[in-house]
Amino acid sequence: MNQDTATETREFTITRTFDARRADVWAAWTESEQMGWMCPVGMSIPPDRATSDVRVGGRFSAVMVDDTAGWECVTSGEYLEVTPPEKLVFSWADPTDPTSVSVCTVTLTAAGDDQTTMAFHLRAPGPISPEDGARRGWGSTFDNLATALAA
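Nothing here was measured: the structure is a model prediction, and the numbers come from that model. (Residues numbered from 1 in each chain as written. Predicted model: local features only at pLDDT ≥ 70, side-chain atom pairs only at ≥ 80, totals over all residues. Heavy atoms only, no water.)

A.B. asks: I would appreciate a short explanation of the overall build of the protein in the present structure.
C.D. replies: A count of helices and strands for the protein gives two helices and nine strands. The order of helices and strands in the protein, counted from the N terminus, is β-β-α-β-β-β-β-β-β-β-α. Here the C-alpha radius of gyration of the protein, 14 Å, is about what a compact globule of 151 residues would show, namely 15 Å. Each of the three principal axes of the protein carries a C-alpha extent, and together these read 40 × 40 × 30 Å. At a minimum sequence separation of 6, the contacts of the protein that also span at least 24 residues come to 45%. Of the roughly 7,800 Å² of accessible surface on the protein, a fraction of 51% belongs to carbon and sulfur atoms. (Helix = DSSP H or I, 4+ residues; strand = E, 2+ residues; numbered from the N terminus. Rg over C-alpha atoms; globule rule 2.2 N^0.38 Å. Contact = heavy atoms within 4.5 Å. Areas by Shrake-Rupley, 256 points an atom, 1.4 Å probe, with all protein chains shown as cover.)

Below you can see the structure in the form of structure tokens.
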């Protein structure tokens, strides 16, 4: 089940159900060695180019590499709330505009023994238009997460 909702304000929510235990989805979000999925399809994050210090006030960063052209961009943020294994709130610097910092909230709910429903909510500092690409980029990123969890 995938759901994507938007509002007229500067935010959107994407809801996905993954065939994985909640602890495994939490680990994918919080363990730097598993963060390779955290980029849109067509990009990758080399294992040695991601870091995470998962605690309130801790930071994360990742270097996303375009698989075809080889150009790189950095994304980073700070953990604002950490409640294992159910809620993660963090700031997120848009890799296309590092001065644009959003707040993301990830809520994980067990949906049976081997499924997890994730609600991802992003609040941006400015209006999000259909041309913005944030919703499309995160949706593609969650396609990568589904693939990583299935591996």
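From this point on, the discussion continues.
A.B. asks: Hey, could you run me through empty space enclosed by the protein in this one?
C.D. replies: Leftover empty space is mapped by rolling, across the atoms, a probe with the size of a water molecule. Here the structure, examined in full by the defined rule, presents one cavity of 30 Å³ or more. In this structure, the largest cavity occupies an estimated 40 Å³ of space. Contributing to the lining of the largest cavity are Trp29, Met38, Phe60, Tyr79, Leu88 and Phe90. For the lining of the largest cavity, the per-class residue count stands at six nonpolar, no polar and no charged. (1 Å grid on protein atoms, 1.4 Å probe; cavity = no way out; pocket = protein on both sides within 12 Å on 5 of 7 lines; lining within 4 Å. Points joined across faces, edges and corners; volume = space filled by probe spheres on them. Nonpolar A, V, L, I, M, F, W, Y, C, P; charged D, E, K, R; others polar.)

A.B. asks: It is not clear to me how the packing of aromatic side chains should be interpreted in this structure. Could you clarify?
C.D. replies: The geometry of an aromatic ring pair is captured by two quantities: the separation of the ring centres and the angle between the planes. Overall, the coordinates contain 12 aromatic pairs when judged by the stated rule. Between Trp29 and Trp37 the ring centres are 4.9 Å apart and the planes differ by 80 degrees, which places this aromatic pair in the edge-to-face class. Through a chain of ring-to-ring contacts, the aromatic side chains of Phe12, Trp29, Trp37, Phe60, Tyr79, Phe90, Trp92, Phe120, Trp138 and Phe142 assemble into a single cluster. (Phe/Tyr/Trp six-rings, centres within 6.5 Å; stacked < 30°, edge-to-face > 60°.)

A.B. asks: Would you take a moment to explain the layout of surface pockets for this structure?
C.D. replies: Of the voids in this model, the largest pocket is the one considered here, and its volume is about 350 Å³. What lines the largest pocket is a set of 21 residues, and nearest its centre among them are Pro40, Met64, Trp92, Pro95 and Gly137. If you list the elements that add at least two residues to the lining of the largest pocket, you get strand E5 (59–66), strand E6 (72–83), strand E7 (87–93) and helix H2 (134–150). Take the lining of the largest pocket: its biggest share by element is five residues, from H2.

A.B. asks: How should I be thinking about the pattern of salt bridges in this particular structure?
C.D. replies: When their charged atoms lie close together, side chains carrying opposite charge are able to pair. By the definition in use, this model includes seven salt bridges. A salt bridge links Arg59 to Glu78; the nearest nitrogen and oxygen atoms lie 3.9 Å apart. Of this pair, Arg59 sits in strand E5 while Glu78 sits in strand E6; the two residues are 19 residues apart in sequence, bridging distant segments of the chain. What makes Glu78 partly exposed here is its relative accessible area of 30%. (Salt bridge = Lys/Arg side-chain N within 4 Å of Asp/Glu carboxyl O. Buried < 20%, exposed > 50% of the residue type's maximum accessible area, 1.4 Å probe, protein only.)

A.B. asks: Whenever I open this one, the nonpolar core confuses me. Can you help?
C.D. replies: One broad rule of soluble globular proteins: the nonpolar side chains tend to lie buried together. Formed by 35 residues in total, the largest nonpolar core has its most connected members in Trp29, Phe90, Met118, Phe120, Trp138, Phe142 and Leu145. Where this core is concerned, the elements lending two or more residues are strand E2 (11–18), helix H1 (22–30), E5, E6, E7, strand E8 (101–110), strand E9 (116–123) and H2. Ranked by the residues each element gives to this core, the list is headed by H2, at five residues. When near neighbours in sequence (up to four residues on either side) are disregarded, Met118 contacts Ile14, Thr15, Arg16, Phe18, Trp29, Val106, Thr107, Leu108, Phe142 and Leu145. (Core = buried A, V, L, I, M, F, W, Y, C linked by side-chain atoms within 4.5 Å.)

A.B. asks: Just checking my understanding: could you explain unusual backbone geometry for this structure?
C.D. replies: Glycine aside, a negative phi is what most residues show, and trans is what most peptide bonds show. In this structure, Pro85 follows Pro84 across a cis peptide bond, with omega equal to -15 degrees. Mapped onto the elements, Pro85 comes out in the loop between E6 and E7.

A.B. asks: It is not clear to me how the pairing of E6 should be interpreted in this structure. Could you clarify?
C.D. replies: Consecutive residues of a regular strand have side chains that alternate between opposite faces of the sheet. In terms of strand pairing, E5 meets E6 through seven bridges, oriented antiparallel. Bridge pairing links Phe60 to Gly77 in E6. What sits between the antiparallel neighbours E5 and E6 is a turn of five residues, in which Gly70 has the positive phi angle 85 degrees. Across four bridges, E6 lies against E7 in antiparallel orientation. Across the sheet, Glu81 pairs through a bridge with Val89, a residue of E7. Between E6 and E7, which pair antiparallel and follow one another directly, the connecting turn spans three residues. (Pairing = 2+ DSSP bridges.)

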